[in-house]
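Remarks on the overall topology
Each chain is listed here by its residues.
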Amino acid sequence: MKIITVIGARPQFIKAAVVSRAIRQMALHGIDMQEFILHTGQHYDDNMSDLFFRQLAIPVPRWHLNCGNNMEEMKAAIRPVLESERPDIVLVYGDTNSTLAGAETAHALYIPIAHIEAGLRSFNDSMPEEHNRIVTDRLSTWLFCPTRTAVENLKREGITRNVFHTGDVMYDATLLFTPEEDQQQAILQHFGLTSKHFALATIHRASTAENISALSAIFEALAQLPVPVLLPLHPHTAKTVQQNKILQDLLNLSQNIRLIRPVGYIEMLALEKHALYILTDSGGMQKEAYFQHTPCITLREETEWIETVDAGWNRLAGTDTERIRKAVELPFAKQPITDFGDGRSAQQIIQILCPNDR
Ligand code: UDP
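Residues numbered from 1 in each chain as written. Predicted model: local features only at pLDDT ≥ 70, side-chain atom pairs only at ≥ 80, totals over all residues. Heavy atoms only, no water.

**Considering the overall build of the protein chain**
- A count of helical and extended segments in the protein chain gives 17 helices and 13 strands.
- Sorting the 358 residues of the protein chain into buried and exposed places 60% on the buried side.
- When contacts within the protein chain are restricted to residue pairs at least 6 apart in sequence, those whose partners lie at least 24 apart make up 70%.
- Working note: accessible area of the protein chain is about 15000 Å², and carbon and sulfur atoms make up 51% of it.
- The averaged location of the 42 negative side-chain charges in the protein chain is 1 Å from the averaged location of its 33 positive side-chain charges. (Helix = DSSP H or I, 4+ residues; strand = E, 2+ residues; numbered from the N terminus. Buried < 20%, exposed > 50% of the residue type's maximum accessible area, 1.4 Å probe, protein only. Contact = heavy atoms within 4.5 Å. Areas by Shrake-Rupley, 256 points an atom, 1.4 Å probe, with all protein chains shown as cover. Lys, Arg positive; Asp, Glu negative; His and termini not counted. Charge placed at Lys NZ, Arg CZ, Asp CG, Glu CD.)

**Some points on the packing of helix H8 (residues 181-190) against helix H13 (residues 265-274)**
- Orientation of H8 relative to H13, taken along the N-to-C sense of each, is 90°, at an axis distance of 9 Å. For the element pair H8 / H13, the angle class is roughly perpendicular. Note on element contacts: H13 touches H8 through Ile266, Glu267, Ala270, Leu271, Lys273 and His274, opposite Glu181, Gln183, Gln184, Gln185, Ile187 and Leu188. (Axes fitted to C-alpha atoms, helices over the stretch in contact; angles between N-to-C directions. Parallel < 35°, antiparallel > 145°, perpendicular 65-115°, else oblique.)

**Observations regarding the nonpolar core**
- Counting residues in each nonpolar core, the largest one holds 71 residues, and the members touching the most others are Val19, Leu56, Phe177, Leu200, Leu271, Ile350 and Leu353.
- No other element matches helix H1 (residues 10-28), which puts nine residues into this core.
- Leu56 has contacts with Phe13, Ile14, Ala17, Arg21, Phe177, Tyr265 and Ile266, leaving out every residue within four places of it along the chain.
- Judged by nonpolar contacts, the second largest core, of 27 residues, contains Val229, Leu247, Leu279 and Ala327. (Core = buried A, V, L, I, M, F, W, Y, C linked by side-chain atoms within 4.5 Å.)

**Overview of the site of the ligand**
- Taken together, 19 residues surround the ligand, and among them Arg205, Val263, Ser282, Gly284 and Glu288 come closest.
- Within the contact set of the ligand, an oxygen atom lies 2.9 Å away from a side-chain nitrogen or oxygen of His204.
- A distance of 2.7 Å is found between an oxygen atom of the ligand and a side-chain nitrogen or oxygen belonging to Arg205.
- In isolation the ligand has 530 Å² of accessible area, and contact with the protein removes 95% of it.
- When contributions to the shell around the ligand are tallied by element, the ones reaching two or more residues are H1, H13 and helix H14 (283-291).
- Here the element with the most residues in the shell around the ligand is H14; it accounts for four residues.
- Of the residues that constitute the shell around the ligand, the class distribution is 10 nonpolar, five polar and four charged. (Near = heavy atom within 4 Å. Polar contact = N/O pair within 3.5 Å; in protein donor to acceptor, adjacent residues only side chain to side chain. Nonpolar A, V, L, I, M, F, W, Y, C, P; charged D, E, K, R; others polar.)

**Details of the sheet that holds strand S6 (residues 142-145)**
- Spatially, the seven strands line up as an open sheet ordered S3-S2-S1-S4-S5-S6-S7, and their pairing is parallel. Where the open sheet ends on each side, the last strands, each with one partner, are strand S3 (63-64) and strand S7 (163-165).
- Pairing geometry for strand S4 (residues 89-93) and strand S5 (residues 113-116), over four bridges, is parallel. Across the sheet, the residue bridging to Val92 is His115, located in S5.
- Relative to strand S1 (residues 2-7), helix H3 (residues 71-85) is tilted by about 175°, and along the sheet it contacts S1, strand S2 (34-39), S3 and S4.
- Together, S1, S4 and S5 form the strand contacts of helix H4 (residues 97-108), whose direction differs from that of S4 by roughly 160°. (Pairing = 2+ DSSP bridges.)

**Brief notes about unusual backbone geometry**
- Positioned with a positive phi, His293 is a non-glycine residue whose angle comes to about 60°.
- Within the element layout of this structure, His293 appears in the loop between H14 and strand S12 (296-298).
- Classification of His293 by relative accessible area gives exposed; the value is 55%.

Structure representation (structure tokens):
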């Protein structure tokens, strides 16, 4: 069986790392399974892309399309690859333009699609990711859901066939890649931080990263927190900051906010584990906060990971300075969540895609 995995953005490299490992393990056990990676080029800076391939030992992509984030360009470039390779399955992850470009191209060529992280919904139609998710789910043959809520979301849309609650491959990734305690300490030392005496923040979603007043309000809140804030700045957000003097002044005046370039996944896992709390608009980091037992304040009005809110690990604070400041002060309830599986989601997914007798 030949699988082509279409990926292009940072969170997809992390998810693909564990699934790709599971595929290679199956192949080692004599199961006829081969995976080739196609990188659309959506993320291209070394610290947003190649670093993850090196750190997580992801096989080098067979094709690198250098498309940037343009979906039409991606589709035009993916098509000839799929036409000549005719894989048995196209594997896509999450909700980026690379996800939808891979799914739409495979669908046009009648190639079955497996969607990992299917069924997530924010119910916010203005998010480009919401459109990408809904369409990809409609086109997919296999839908692998990380949570029961995701299964229910699909059911509400009339999608019930080949829907599997397999847990979250990001939980697999957290278990596999969280470094040992001594390496965690070395990472903290490298950044000059003390465990549980700093906050970790990320901001990258278009609705915030391109919105000066939302960014100002968030920076003002971060500047007022009682602990220093480490902010690895996504290139999208960095671009807005570089073009805006008010934001630059806010950051320069704040003694509390420390801007750094995006970090590798191993470093990020250690920072997440030792942060007092995490403030983010990232989907992945809301879950990783829970996996690392660190409370999270989500800088959005809604979340696809509602379980983390219901269990008291995550609090929605939008982009309002006062709400963000207050959110860190209230105690968190912190109940366990069973949805994300036992760390073997990738194996489960691969076994469904390639049962021994298929
Ligand atoms: N991440 C990272 N380095 C950083 C920021 C994030 O390795 O500087 C990881 C983070 O641990 C998580 C993933 O990137 O696994 C989240 O990606 P992102 O926030 O870009 O996308 P989303 O999860 O919102 O789709």
